[in-house]
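Analysis of the macromolecular model
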Amino acid sequence: MHVGIIGCGNISETYFNCQNIYNNFTVISCADLDIDIAKKSAEKFNVKAQSVEDLLSNSDIDLIINLTVPSAHKEVIINSLKAGKHCFSEKPLAMNFDEGKEIYELSKQKNLYIGCAPDTFLGAAGQKARQLLENDEIGEVVLGTFNIMSHGMEDWHPNPDFFFKPGAGPVFDLGVYYLTQLINLIGPIKSISSISGTATPERIITSQPRSGEKIKVETPTTLMGTLEFYNNAKIQFFCSWDVWKHKHSEIELYGLGGSMIIPDPNFFSGNILVSKKEKDWQVVNNDKMLLGNPNTLDNNNTEVANYRGIGLSDMIDSIQNSRTPRCNIDLSLHVLEVMEGILIGAENKKIYNLKSTCNQPKILLEEDIKKILFI
Ligand SMILES: NC(=O)c1ccc[n+]([C@@H]2O[C@H](COP(=O)([O-])OP(=O)(O)OC[C@H]3O[C@@H](n4cnc5c(N)ncnc54)[C@H](O)[C@@H]3O)[C@@H](O)[C@H]2O)c1
């Protein structure tokens, strides 16, 4: 399938590169509000640079990859649908549930597919954990925790402003990975109770090239609370960009027959720890799985698995085979409502009951991956 990229910022290189991992799409064109940025990417990756309007009306393109900032997601997705094209978007699907519903309605009306990141839950760690749960390794999951704590994004991203505006913050920006992983593992969420806080009203950029500039914080930088799932599991969460250091694990699940610790769902692999009742932890490594095999170096020169693009490639395969993609609109709309519900519940100091739901995405087997992998 021929695809076009809209938004040529920080994450775009990952998407240009992933056409070398998956075998069912080719990027032929790119666009950005800033045409110079689009031209630079076009030159680097040997594709055409177009204006956003020209790319949307390019009849050689069947699908748009939306890599713009969160506040532009809805507009780009809606315009893609109006242009008769499928769209795979970076997260979050939109700024709020109402925008998400608008996208949902139009995609059904146009009979076009919408998919949305994150797709990291399709990685080796997420799929291995899912298999372990389905094999009843720790029994029915009844309780759990997830923790995202750091001191924010202003020390590494060249343009970190959007992280502190509505549509981002620790839940919309990172919680999205954890919520999607948990729905993959134990199903949809029924209700939320939450509180929020903002430790400082301004952040000072320490990354280059804008070091020293101030950012006004316009969305809470700490959110804490509890999620109740349809299977009655209760998961406590702590999402904050106001913490310098901590020693919590990312995700812990407690079942009737044991416990499981799951690695950071922003990544594709990492050891899982499983213990049966009070027995010692057993390490479950998944580096030998297709989407766990290290294929790149991170900022610390450590080999890591990064297979971003699997959600897009799976969606293209699903379009070609008339099936539901794993990163489907029901899942991303539900996750969007959960994220907004955490903020609304905290603001209103009331339990937020979800209106949306979704199915657990279908498990991704190694044989499914082999069909769409180049290597
Ligand atoms: N940077 C990361 O590591 C990372 C990782 C995962 C997901 N994401 C997600 O990817 C998206 C983009 O992140 P980023 O870090 O690349 O941001 P960025 O600010 O580096 O790039 C965004 C680009 O989109 C362009 N843009 C904005 N509005 C537009 C519009 N209406 N039409 C066309 N172009 C437009 C901007 O000019 C900019 O070049 C965000 O939703 C983010 O949550 C980023």
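All values reported here derive from a predicted model rather than from experimental measurement.

Rules and cut-offs
Residues numbered from 1 in each chain as written. Predicted model: local features only at pLDDT ≥ 70, side-chain atom pairs only at ≥ 80, totals over all residues. Helix = DSSP H or I, 4+ residues; strand = E, 2+ residues; numbered from the N terminus. Contact = placed C-beta atoms within 7 Å. Pairing = 2+ DSSP bridges. Axes fitted to C-alpha atoms, helices over the stretch in contact; angles between N-to-C directions. Buried ≥ 20, exposed ≤ 12 C-beta atoms within 10 Å, placed from the backbone. Domains from an automatic or database assignment. Nonpolar A, V, L, I, M, F, W, Y, C, P; charged D, E, K, R; others polar.

Glancing now at the overall build of the protein. Helices and strands together make up the secondary structure of the protein, namely 10 helices and 19 strands. The contacts of the protein with a sequence gap of at least 6 include a subset with a gap of at least 24, amounting to 69%.

This part takes up the sheet that holds strand 14 (residues 258-262). With mixed pairing, nine strands are arranged side by side in an open sheet as 16-15-14-13-7-12-11-8-19. With partners counted over all chains shown, the strands left at the sheet margins are strand 16 (282-284) and strand 19 (352-353), one partner each. The strands touched by helix 6 (residues 124-134) are strand 7 (141-149), strand 14, strand 15 (272-276) and strand 16; relative to strand 15, the strand with the most contacts, the crossing angle is about 15°.

Within the fold, Asp173 resides in helix 7 (residues 169-186). Placed 166 residues apart in sequence, Asp173 and Met339 show a C-alpha to C-alpha distance of 9.7 Å. Beyond its immediate chain neighbours, meaning those up to four positions away, Asp173 contacts Phe163 and Ala168.

Moving on: the pairing of strand 7. Direction of pairing for strand 7 relative to strand 13 (residues 251-255): antiparallel, over a ladder of five bridges. Paired with Thr145 across the bridge in strand 13 is Glu252. Examined bridge by bridge, strand 7 and strand 12 (residues 234-240) share seven bridges and lie parallel to one another. Across the sheet, the residue bridging to Phe146 is Phe237, located in strand 12.

What follows is about unusual backbone geometry. In this chain, Ala117 is followed by Pro118 through a cis amide linkage whose omega measures 5°. Locating Pro118 in the fold gives a position in the loop between strand 6 (114-116) and helix 6. In this model, Gln208 is joined to Pro209 through a cis peptide bond whose omega is 5°. Looking at the secondary structure, you find Pro209 in the loop between strand 9 (202-204) and strand 10 (214-216). Of note in the backbone geometry, Lys349 takes a positive phi value of approximately 50° without being a glycine. You can call Lys349 exposed: it has 10 C-beta atoms within 10 Å.

With that out of the way, let us pick up the domain arrangement of the protein. Looking at the protein, the domain boundaries give domain 1 (2-116) and domain 2 (123-303 + 329-355). For domain 1 and domain 2, the distance between their C-alpha centroids amounts to 25 Å. Taken together, the contacts link 16 residues of domain 1 with 14 residues of domain 2. Here the element with the most residues in the side of domain 1 that touches domain 2 is helix 5 (residues 97-110); it accounts for four residues. Residue composition of the side of domain 1 that touches domain 2, grouped by class: 10 nonpolar, five polar and one charged.

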